[in-house]
Amino acid sequence: MTGVASLAPFLGGALALGGVAAALSGRRELLVRWCCWAVGVPLVAGAFWWGSPAVTALALLVGVIAAMEFGGLTGLSRPDRAVLAAAVSGVILTSWLAPGHEVRAMAAGALAIAAVPLLAGDSTHGLRRLGAGLLGLVWLGVLAALAPLGATALALFVAVSVGDIVAYFAGPRLGGPRLSPLSPAKRWSGTLSGAAAALGVLAALSALSVPMAVAVVVGAPAGDLLESMVKRGARAKDSAHWLAGSGGLLDRIDSLLLALAVLLLLS
């Protein structure tokens, strides 16, 4: 497995190629999105290079923001969102401070999420609030794996990111059958092209294994569709509007989240 420091040239090369592609496209949206990547990727790589404390801090920041965005999409109240963010943070901190007790932290978080509508006596929307909160906890709780996985998680992030970019460009150009009614703009041709590119990245990083391959080929596209389902239910195009050219943070990590979940299940 390639170390964190050895991944720097691959990250730099991917950013450079992405910048060239964005410039050649002439589309302002893609240029703005690339600028966000140019800022975010070094921060992510720097956190992994620094070690577990920095990765944990990064996971906490991402988890809280994503929980707030998810709560907005699913119509959760502010107390629900706050408890969800706290529950996700608790799982992430447990993976760093008390490894092996993540399931207990997840159970405690689930009880806290259930307590909010129960104490409010919400018989009208309580079940919906509970279901959305538990989905958010399971979905975002996998961020706790970032620090323990270390360089493996960074390699997965690189592969999934490259796969997303290739799928974004290849699908409209190659055409063919739609991937799912949940995301009519996506094509099987783009998904397969992105999967092939992601596998190539894993091979180049000496990180290719059966669990990693299944994570990028199955988990990443499924994660994108999962968020599409949530957004369709909310009749929203993006998870938020604060991230220039990208909507929200959840829009950028949806593929990575389910890829991480698949990797954890198969490892």
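The structure reproduced in this document is the subject of the present report. As the structure is a computational prediction, the values presented were derived from the model and not from experiment. (Residues numbered from 1 in each chain as written. Predicted model: local features only at pLDDT ≥ 70, side-chain atom pairs only at ≥ 80, totals over all residues. Heavy atoms only, no water.)

1. Topic: the side chain of Asp 251
With respect to the helices and strands, Asp 251 occurs in helix H11 (residues 249-266). Within polar-contact distance, the side chain of Asp 251 engages the backbone nitrogen of Gly 248 at 2.9 Å. (Helix = DSSP H or I, 4+ residues; strand = E, 2+ residues; numbered from the N terminus. Polar contact = N/O pair within 3.5 Å; in protein donor to acceptor, adjacent residues only side chain to side chain.)

2. Thoughts on the nonpolar core
Of all hydrophobic cores here, the largest spans 61 residues; its most connected members are Leu 84, Leu 146, Leu 156, Leu 250 and Leu 257. Setting aside anything within four residues of it in sequence, one finds Leu 84 in contact with Ala 67, Phe 70, Leu 76, Ile 113, Gly 133, Gly 136 and Leu 137. (Core = buried A, V, L, I, M, F, W, Y, C linked by side-chain atoms within 4.5 Å. Buried < 20%, exposed > 50% of the residue type's maximum accessible area, 1.4 Å probe, protein only. Contact = heavy atoms within 4.5 Å.)

3. A few points about the side chain of Asp 254
Residue placement: Asp 254 occurs in helix H11. For the buried Asp 254, which has no salt bridge, the nearest side chain bearing the opposite charge is Lys 231, at an N-O separation of 5.7 Å. Contacts of Asp 254, omitting those with residues within four sequence positions, involve Trp 139, Gly 223, Asp 224 and Glu 227. (Lys, Arg positive; Asp, Glu negative; His and termini not counted. Salt bridge = Lys/Arg side-chain N within 4 Å of Asp/Glu carboxyl O.)

4. Quick notes on the layout of surface pockets
Estimated volume of the second largest pocket: approximately 180 Å³. Contributing to the lining of the second largest pocket are Val 91, Ser 95, Glu 102, Val 103, Met 106, Gly 141, Val 142, Ala 144, Ala 145, Pro 148 and Leu 264. Elements supplying a minimum of two residues to the lining of the second largest pocket: helix H4 (78-97) and helix H5 (102-120). With three residues, the single largest contributor to the lining of the second largest pocket is H5. By residue class, the composition of the lining of the second largest pocket is eight nonpolar, two polar and one charged. (1 Å grid on protein atoms, 1.4 Å probe; cavity = no way out; pocket = protein on both sides within 12 Å on 5 of 7 lines; lining within 4 Å. Points joined across faces, edges and corners; volume = space filled by probe spheres on them. Nonpolar A, V, L, I, M, F, W, Y, C, P; charged D, E, K, R; others polar.)

5. Points about a nonpolar patch on the surface
A contiguous nonpolar patch, built from Leu 93, Trp 96 and Leu 97 and spanning about 290 Å² of accessible area, is present on the exposed surface. On the secondary structure map, Leu 97 appears in helix H4. (Patch = residues over 30% accessible without salt bridge, like charges linked within 9 Å, V, L, I, M, F, W, Y side chains within 5 Å. Areas by Shrake-Rupley, 256 points an atom, 1.4 Å probe, with all protein chains shown as cover.)

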